[in-house]
Amino acid sequence: MFSVLRSIWIVLKHTFRKRETVQYPEEKPDLSPRYRGRIVLSRDPDGGERCVGCYLCAVACPVDCISLQATEDENGRRYPEFFRINFSRCIYCGYCEDACPTYAIQLTPDFEMAEYDRNNLVYEKEDLLISGEGKYPGYHFYKVAGLAIGGKDKGEAQNEEEPVDIHSLMP
Amino acid sequence: MPTIYIDDNPYEVKEGKNLLDAVLSLGEDLPYFCWHPDLGSVGACRQCAVIQFQDEEDEQGRLVMACMTPASEGTRISIQHPDASQFRENVIEWLMVNHPHDCPVCDEGGECHLQDMTVMSGHNYRDFRFKKRTHRNQDLGPFINHEMNRCIACYRCVRYYRDYAGGGDLQAFAAHDHVYFGRHEDGVLESEFSGNLVEVCPTGVFTDKTLKRHYTRKWDLQSAPSICNHCGLGCNTIAGERYGTLRRILNRYNSSVNGSFLCDRGRFGYEFVNDDARILTPVMKNVETRQFEEVSEDDAVAKIAELTRDKNSVIGIGSPRASLESNFALRTLVGSNRYSSGMSNAETELVNLSRQILNDGPAHSASLKDVEKSDAVLVLGEDLTNTAPMMALAVRQAVRNQPVEKAKQAGIPEWNDNAVRELIQDEKGPLYLATPTNTKLDDVATKTYNAAPQDLARFGFAVAQFLAEESPKVIGLDEDVKSMAKSAADALKNAKRPLVISGTSLLNKSLIQSAANVAWSLCANGKKAEIALTVPEANSMGMSFLEGQGIESAFERAASDDIKTAIILENDLTRRVDSKAWNQFLKNVENIVVIDHLENETTAAADILLPAGTFADSDGTLINNEGRAQRFFQAFEDDSAVQESWRWLQGVLDLGKDTDVSDWYSLDNVFSAMTKSVDTFKGDIVVAPDAKFRINDQKIPRSPYRYSGRTAMKANVDIHVHKPPQDPDSPLSFSMEGYSGKQPSGLTSFFWSPGWNSVQSTNKYKNEVGGELRGGDPGIRLIEPKRNASPKYFTEVPEPFSPREGEWLSIPLHHIFGSEELSAKSFGLSKRAPEPYVALNPSSAEKLGLQMESRVSVKLDGTEHTLPITLHENLPDGVIGLPVGLPDFNGIPLPNWSKISGATE
């Protein structure tokens, strides 16, 4: 009998505590920039697509909800021909962001993606691409990689020497 | 068997190996770069360092390179020793100094030996903060992509390309850390085996350019064990698919067939599978408009069943590029006496003769491995590089056997590659080439003889005569030809494993007969002689097992009998018969039913056209030139109506109700029905594990467990993830689910082992390095020689060739790129195919008053072609060569007499 009364008392006491519940959607929660929500594809400082179609996000994905096809433009720069995320399967674990060697794929603090039709949760590249650099400003993969692409020849990346003249006999 | 101690544990290893080989054969991991199972050791990369101890007491030890140290009795080494592993880590660190940060955009990533070895050695953080050296790349043609920045200078590429494959146009340039591997200038790599650089290069310097056009990582490919269908050798391949298209062909190790390598036709000839000209739905010709109209599968099958109700009015024309099962289904439908092999009469006769020689004679039919192991070779008539490319590569290795034997006697182990090469220099074992014109093997030949086909056969008969009295005499042979025949006979007689190679490419019966005489006479001398006879297509030999008649005979039958319907199976007949005969045939036969996978002139003439599967989207069995039955498995299943030809025919047979085909729901049952009802197959033959085969009750997966994108790849079409397609024909699953250990040999869809993502993981699937796959090499030989049979020598020696006045004997010249029907339709290969030409020797050209750039008109069999000339120094007088299989030459029967004259344009 006593324990029942005590329980009722404890529950009643909670009536006067500060509320944890937020009046969503009228009131929006304050999320950290590192929150793992809707996935985006970001762009280089020069505006080009950051994604080089390396497939690492797809292979890191534990629910296999990313699929893409890499292709190349006439200058040798790689980009995804299509890039599809099935958000109805995504578990927002962020492994894709971890795996991405070019900072292209990033998770954002947006979680308001509910749909009445599951088909609308399939996002294509056009839906994923944002116009900015996201959380990692300044990074440009091709400035680090050794591959020559249009506008960046061999030897013009960071920490690269001029291409070797193989006819030279100098030591 | 010596015992060696690795980290104090005793292991028995095979005699005469080096430590690296022994350690890898034992299944241990030890990093390496410059060593390759087929190229031997040079000790260049310093990666496979281990600590070797003097004896049990020795605690200090010394650093040695495992690949350069023999695994002799009592050798004590430590792989785990901190000094050794530190050394290996440092070596990798130095190699990585200039290696670019390219992995995300590098096609090798995910199957890179350098990545694997870096992880294995423990070097996981880059400290180098200074400038990296860079190189400019070269354009190496349509097959190979070049990215020199990634090079770690292991020298494997030039050792493979120059020393192993005999190529001349890839070399190391410059010095120290500037060393550069490439051509002297941009240009197509000349070797027909350049594609192997993709697998030989431990990193991404040489990558597959055809794969790059539709790039997919290794882990994303759904693959199946396959058999190359671009020549008669039956090399084992792995076909990899993604998003419904075939992405690439990789080598599948099989020690008794192709070993570690493939030719460029086999590797890059796959793209016809993705061609726009693929037939995807059943169509029927509208009677009035003569246009194709789509029909349902059931309607098409029912219509064919109706047409074939009267058995006597149907003929079936099979195909040497279709599987045994499909051909057998057709044979069952039309009856064995109305079934044609789909090869010309001449070809059918030659292939049957080949099988008879291999089957009834005492000489063993040589596998590619046997060719590689032979130590004296006589080639009669075959330009191997173009007709059976991998055999040419095997012959290149065979000529090293006698000199290497000398090196062994000098105490140098065979694996010590540099030392062996230093000792033998340019010395070559005996290789006698008798071919109509010069070939790419001439540079390693002891002697070459270029003559007209019948003269080559006479040469062969002469060699046989020197070896056995009973073999017929050749009268009126030139002295120098006679002396060459004598020296060839002596070389073969003195060899341990003599080999005779001939084949069907010149369409000359006497040549094959003379080759048989040589091999049999060697057997009569007590030699274990081998004979290798090349056949034109992937299943030519299989056709001889099914005993169909030639096309011309089938056409005659269509003309004389009351034939109303012809069923043509995966065969473009316009490539095989001349247009006159073809048009006559079309007039004679009311209904043409064609089952094929690519549109061609024959499918255009069809009244009913059914879509068949290619090697990549169907299963089946092929018999190669050696008589080895091998199974290829379906790599992918798509939503179209494409299915195996035998499945279409099963539907027709089922409606016809004459034969009980109710159990033909799986390939195994069709195959066993065939072995039971066709006499040439003796009894139960097991080519591959049957569809019920399971390991731990699980199927064998077609994809690695890292296969990605499963729930997204079709989400744009349908959000629901469907059950993967079922496969009634094989124990393989269309998924990454299933038994996760190593696949059994013959069911290997991909080579992978923990820590070994590159093709080097193949070593983990073998009993020993360079040996058989665990569980035996897949495939089964259906032809075994009668060792004790006394040879029945062929006695018809042909007359010598005499040039005719005003007429020229035109002989077929084969091209690795372009002569074969399917591969020629592939994007990369089509760029390497030659333009049509006519070849003749310079003196004939001069007589006709022709210049280098002249065009001539060739009158052949009622048709006239205007072609540019190509001068072949060694082509005999009175003979011209015409390229085979190029569009302009379809259906022209060769060899044939033709007239040529300077073109009047």
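Only a predicted model underlies this, so the values are computations on that prediction, with no experimental measurement involved. (Residues numbered from 1 in each chain as written. Chains lettered and ligands numbered in written order. Predicted model: local features only at pLDDT ≥ 70, side-chain atom pairs only at ≥ 80, totals over all residues. Heavy atoms only, no water.)

A.B. asks: Looking at this model, I keep getting lost on the state of the cysteines. Mind explaining?
C.D. replies: Here, the word disulfide means a covalent bond between the sulfur atoms of two cysteines. The full count for this structure, using the stated rule, is zero disulfides over all chains. Cysteine Cys-96 of chain A shares no disulfide, and the gap to the nearest cysteine sulfur, in Cys-93 of chain A, comes to 6.2 Å. Take Cys-231 of chain B: it sits in no disulfide, and the sulfur closest to it among the cysteines is that of Cys-235 of chain B, at 6.0 Å. With relative accessibility at 9%, the residue Cys-231 of chain B sits in the buried group. (Disulfide = S-S within 2.5 Å. Buried < 20%, exposed > 50% of the residue type's maximum accessible area, 1.4 Å probe, protein only.)

A.B. asks: Just checking my understanding: could you explain the pattern of salt bridges for this structure?
C.D. replies: Opposite charge on two side chains permits them to pair, given that their charged atoms come into close proximity. Across all of its chains, the model carries 58 salt bridges over all chains by this definition. Residue Lys-154 of chain A pairs with Glu-147 of chain B through a salt bridge whose shortest N-O separation is 2.8 Å. Placement of Lys-154 of chain A in the loop between helix 5 (141-144) and strand 6 (160-163) and of Glu-147 of chain B in the loop between strand 7 (144-146) and helix 4 (156-164) is noted, with the two residues assigned to different chains. You'll find Lys-154 of chain A and Glu-147 of chain B in the same group, each marked buried. Note that Asp-8 of chain B and Arg-76 of chain B form a salt bridge whose closest N and O atoms lie 3.3 Å from each other. (Salt bridge = Lys/Arg side-chain N within 4 Å of Asp/Glu carboxyl O. Helix = DSSP H or I, 4+ residues; strand = E, 2+ residues; numbered from the N terminus.)

A.B. asks: Honestly, the nonpolar core in this entry has me stumped. Any pointers?
C.D. replies: Burial of nonpolar side chains together is a common tendency in soluble globular proteins. Residue and element names in this part refer to chain B. With 104 residues, the main nonpolar core has Ile-357, Leu-378, Phe-459, Val-463, Val-518 and Phe-681 as its most contacted residues. Here this core takes nine residues from helix 18 (residues 509-524), the largest share from any one element. Both domain 2 (348-536) and domain 3 (808-902) contribute no fewer than three residues apiece to this core. The contact partners of Leu-378, leaving out residues within four places of it in the chain, are Tyr-432, Phe-459, Val-463, Leu-492, Leu-499, Val-500, Ile-501 and Val-518. One finds Phe-181, Ile-227, Ile-501 and Phe-817 within the second-largest nonpolar core, a separate group that totals 84 residues. (Core = buried A, V, L, I, M, F, W, Y, C linked by side-chain atoms within 4.5 Å. Domains from an automatic or database assignment. Contact = heavy atoms within 4.5 Å.)

A.B. asks: Can you help me understand the interface of chain A and chain B in this one?
C.D. replies: Interfaces are frequently sized by the accessible area removed from exposure as the parts join. Opposite the 44 residues of chain A that make contact, chain B presents 47 residues. Contact between chain A and chain B buries roughly 3,700 Å² in total, counting both sides, with carbon and sulfur atoms accounting for 54%. Counting across the interface, chain A meets chain B through five salt bridges. Counting across the chain A and chain B interface gives 26 residue pairs in polar contact (both at pLDDT 80 or more). Those elements that place two or more of their residues in the side of chain A that touches chain B are helix 2 (56-60), strand 2 (66-72), strand 3 (78-86), helix 5 and strand 6 of chain A. Residue contributions to the side of chain A that touches chain B peak at six residues, all from strand 2 of chain A. Among the residues forming the side of chain A that touches chain B, the class breakdown is 24 nonpolar, eight polar and 12 charged. (Buried area = accessible area lost by both parts, 1.4 Å probe. Polar contact = N/O pair within 3.5 Å; in protein donor to acceptor, adjacent residues only side chain to side chain. Nonpolar A, V, L, I, M, F, W, Y, C, P; charged D, E, K, R; others polar.)

A.B. asks: What exactly am I supposed to notice about the sheet that holds strand 1 (residues 3-6) of chain B here?
C.D. replies: Sheets are built from strands paired through backbone hydrogen bonds, the pairs being either parallel or antiparallel. Residue and element names in this part refer to chain B. Reading across from one edge, 2-1-5-3-4 is the order of the five strands in this open sheet, with mixed pairing throughout. Taken across any chain shown, the strands that pair with only one partner, and hence form the sheet edges, are strand 2 (9-12) and strand 4 (62-65). On average, adjacent strands in this sheet sit at an angle of 40° to one another, irrespective of strand direction. Bridge count for strand 3 (residues 49-53) against strand 5 (residues 76-78) is three bridges, and the pairing is antiparallel. In the sheet register, Ile-51 faces strand 5, and the bridge partner there is Ser-78. Along the sheet, helix 2 (residues 82-96) makes contact with strand 3, strand 4 and strand 5, crossing strand 3 at roughly 155°. (Pairing = 2+ DSSP bridges. Axes fitted to C-alpha atoms, helices over the stretch in contact; angles between N-to-C directions.)

A.B. asks: Is there a simple way to explain the domain arrangement of chain B in this structure?
C.D. replies: All names here are of chain B. Under the domain assignment, chain B is made up of domain 1 (3-96), domain 2 (348-536) and domain 3 (808-902). Taken residue by residue, the interface counts 16 residues in domain 2 and 14 residues in domain 3. Of the roughly 1,100 Å² buried between domain 2 and domain 3, counting both surfaces, carbon and sulfur atoms make up 63%. Viewed at the interface, domain 3 and domain 2 are joined by zero salt bridges. Scanning the region where domain 2 abuts domain 3 turns up five residue pairs in polar contact (both at pLDDT 80 or more). Broken down by secondary-structure element, the contributors of at least two residues to the side of domain 2 that touches domain 3 are helix 12 (384-387) and helix 16 (453-467). The element best represented in the side of domain 2 that touches domain 3 is helix 12, accounting for three residues. Here the side of domain 2 that touches domain 3 is composed, by residue class, of seven nonpolar, eight polar and one charged.

A.B. asks: So what exactly am I meant to see when it comes to the packing of helix 10 (residues 345-360) of chain B against helix 18 of chain B here?
C.D. replies: How two helices sit against one another is set out by the angle between their axes and by the gap between those axes. Residue and element names in this part refer to chain B. At a minimum axis distance of 10 Å, the contact between helix 10 and helix 18 shows a crossing angle of 5°. The orientation of helix 10 with respect to helix 18, classified from their angle, is roughly parallel. Along the contact surface, helix 10 presents Glu-349, Leu-350, Leu-353, Ser-354 and Ile-357, while helix 18 presents Lys-509, Ile-512, Gln-513, Ala-516 and Trp-520. Residue classes in the contact of helix 10 with helix 18 are distributed as six nonpolar, two polar and two charged. (Parallel < 35°, antiparallel > 145°, perpendicular 65-115°, else oblique.)

A.B. asks: Before we go on, may I ask you to explain a negative patch on the surface in this structure?
C.D. replies: Residues and elements named next belong to chain B. Taken together, the side chains of Asp-55, Glu-56, Glu-57 and Glu-59 define an acidic patch exposed on the protein surface. The residue Glu-59 is located in the loop between strand 3 and strand 4 in this model. Judged by its relative accessible area of 71%, Glu-59 is exposed. (Patch = residues over 30% accessible without salt bridge, like charges linked within 9 Å, V, L, I, M, F, W, Y side chains within 5 Å. Areas by Shrake-Rupley, 256 points an atom, 1.4 Å probe, with all protein chains shown as cover. Lys, Arg positive; Asp, Glu negative; His and termini not counted. Charge placed at Lys NZ, Arg CZ, Asp CG, Glu CD.)

A.B. asks: When you look at the packing of aromatic side chains in this model, what are you seeing that I'm missing?
C.D. replies: Any two aromatic rings considered together are summarised by their centre-to-centre distance and by the angle between their planes. Going through the model one piece at a time under the given rule, you end up with 28 aromatic pairs over all chains. Taken together, a centroid distance of 4.9 Å and an interplanar angle of 90° make the contact between Tyr-155 of chain B and Phe-181 of chain B edge-to-face. Pair noted here: Tyr-155 of chain B is in the loop between strand 7 and helix 4 and Phe-181 of chain B is in strand 9 (residues 180-182), with a separation of 26 residues, a long-range link. Judged by its relative accessible area of 35%, Tyr-155 of chain B falls in the partly exposed class. Taken together, the aromatic side chains of Tyr-24, Tyr-35 and Phe-111 of chain A make up a single cluster linked through ring pairs. In this structure, Arg-76 of chain B packs its charged tip against the face of Tyr-5 of chain B, placed 4.3 Å from the ring centre. Above the plane of the ring of Tyr-253 of chain B lies Lys-766 of chain B, whose end atom (NZ or CZ) is 4.1 Å from the centre. (Phe/Tyr/Trp six-rings, centres within 6.5 Å; stacked < 30°, edge-to-face > 60°. Lys NZ or Arg CZ within 6 Å of the ring centre and 35° of its normal.)

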